[in-house]
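Take a look at the letters that make up each chain.
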Amino acid sequence: MNALENWFCGSGIWRWVTQRQVLPWLIGQSQLGDHLLELGAGPGAATAELRRRVPRVTSFDFDHKFAARLQAHFAHDGISVLQADAARLPFPDRTFSSAIAVLMLHHLPSAESQDRAFSEILRVLRPGGVFVGLEIQNTWFNRLTHTRSTFVPVVPTAINARLTAAGFWRVTVDFRGSAFRIRALRSWDS
C-alpha cells in the first residue's frame, strides 16, 4: 500500500465508514457463524466490529508491520492476529465458518494469486461457509489512488466464473457506486 492508502485506511473516518456503512452492506443477511477469517486486515478498520458480530475472529495481513500492530492492539480481545499470505493460508482445512476480505484482493500481485487465494479460502471454510468480499472497480480514480501500490483489479463480470472454478457456488455480485460486493458459499457436499 502507498502512503495515501496507509493514511486513509488507518483514519478514524475510514474506521467509522467501515463499521457503519461498509460492513452492514457487505455482510447483509449472511450468517457468519462462530469463527471468521479476516483476510488482509491492514490497520484493522473492520476488526473490532467483526469481533462484535462473531465470537471468534482470526485476522491476518501480509505486511508484518500491520500484523504486529494489530496483534499488540487486540491481544486480549478474543482476536487472533498473524502475518500470512492469502495464497498460502496456514490453517487446517475446514477451520472457519466464514471469511471476509475488505478491499484486499486487488492488492494481490496477480490474477493467479487471487485465484490461489480463492482456492485457499474455499479450503479453510467449513461446508456451508460463506465468503464475502468488497472490491473496487478499475476506474481512473482508483488507479490514481493506487499509484506506487499494487493494484490488480478484480473484474466483476469474471468473478462468478473464477469463484465457481475454485469450487464455490451461489456466487453473487452486487454494486454500490464503483464498489462491489462478492458473496459465495462453500457447498455442503464438499
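Residues numbered from 1 in each chain as written. Predicted model: local features only at pLDDT ≥ 70, side-chain atom pairs only at ≥ 80, totals over all residues. Heavy atoms only, no water.

K.L.:
Give a description of helix H2 (residues 12-27) that names residues and reports values.
P.N.:
Helix length check: H2, at 16 residues, gives a terminal C-alpha distance of 21 Å against a target of 22 Å (1.5 Å per residue), a fit within 8%. The largest bend in H2 amounts to roughly 45° and is located at Thr18. The set of residues buried in H2 consists of Trp14, Val17, Thr18, Gln19, Val22, Leu23, Trp25, Leu26 and Ile27. In the core, the buried residues of H2 are packed alongside helix H1 (3-9), helix H3 (47-53), strand E4 (96-102), strand E5 (125-136), strand E6 (168-176) and strand E7 (179-186). After H2 finishes, the residue Gly28 shows a positive phi value of roughly 55°. (Helix = DSSP H or I, 4+ residues; strand = E, 2+ residues; numbered from the N terminus. Expected span 1.5 Å × (residues − 1). Bend = angle between axes of the 7 residues up to and from the residue. Buried < 20%, exposed > 50% of the residue type's maximum accessible area, 1.4 Å probe, protein only. Contact = heavy atoms within 4.5 Å.)

K.L.:
Talk me through the side chain of Arg181; I want residue IDs and the actual numbers.
P.N.:
Considering the arrangement of structural elements, one finds Arg181 in strand E7. Overall, the relative accessible area of 17% leaves Arg181 in the buried class. Engagement of the side chain of Arg181 in a polar contact is seen with the backbone oxygen of Trp25, the distance being 2.4 Å. Setting aside anything within four residues of it in sequence, one finds Arg181 in contact with Trp25, Leu26, Gly28, Gly133, Thr172, Val173 and Asp174. (Polar contact = N/O pair within 3.5 Å; in protein donor to acceptor, adjacent residues only side chain to side chain.)

K.L.:
I'd like to hear about the pattern of salt bridges, residue by residue, with values.
P.N.:
Under the defined criterion, the tally for this structure stands at eight salt bridges. Note that Arg53 and Glu49 form a salt bridge whose closest N and O atoms lie 3.2 Å from each other. On the criterion of helical spacing, the pair formed by Arg53 and Glu49 is a turn pair, its members being four residues apart in helix H3. Among the residues examined, Arg53 registers a relative accessible area of 36% and is labelled partly exposed. For Glu49, a relative accessible area of 13% puts it in the buried group. With its nearest N and O atoms 2.8 Å apart, the salt bridge here joins Arg162 to Asp115. Taken together, the residues Arg162 in helix H7 (residues 159-166) and Asp115 in helix H5 (residues 111-124) connect sequence positions 47 residues apart. For Arg162, a relative accessible area of 16% corresponds to the buried category. Overall, the relative accessible area of 31% leaves Asp115 in the partly exposed class. When salt bridges that share partners are traced, they join Glu49, Arg52 and Arg53 into one network. (Salt bridge = Lys/Arg side-chain N within 4 Å of Asp/Glu carboxyl O.)

K.L.:
Quick rundown of the pairing of strand E3 (residues 79-83)? Include the residues and the values.
P.N.:
Relative to E3, strand E2 (residues 56-61) is paired through five bridges, and the arrangement is parallel. Bridging from a neighbouring strand, Phe60 pairs with Leu82 of E3. Remark: the E2/helix H4 (residues 64-73)/E3 crossover connection has right-handed handedness. (Pairing = 2+ DSSP bridges. Right-handed = clockwise from strand over helix to strand, strands pointing away.)

K.L.:
Describe the packing of aromatic side chains, with residues and values.
P.N.:
Inspection of every chain in the model, using the stated rule, returns seven aromatic pairs. Plain terms: the ring middles of Trp140 and Phe141 are 6.0 Å apart, the flat faces sit at 85° to each other, and that makes the pair edge-to-face. We classify Trp140 as exposed; its relative accessible area is 60%. Here the aromatic residues Trp7, Phe8 and Trp14 are joined through ring pairs into a cluster of three or more. (Phe/Tyr/Trp six-rings, centres within 6.5 Å; stacked < 30°, edge-to-face > 60°.)

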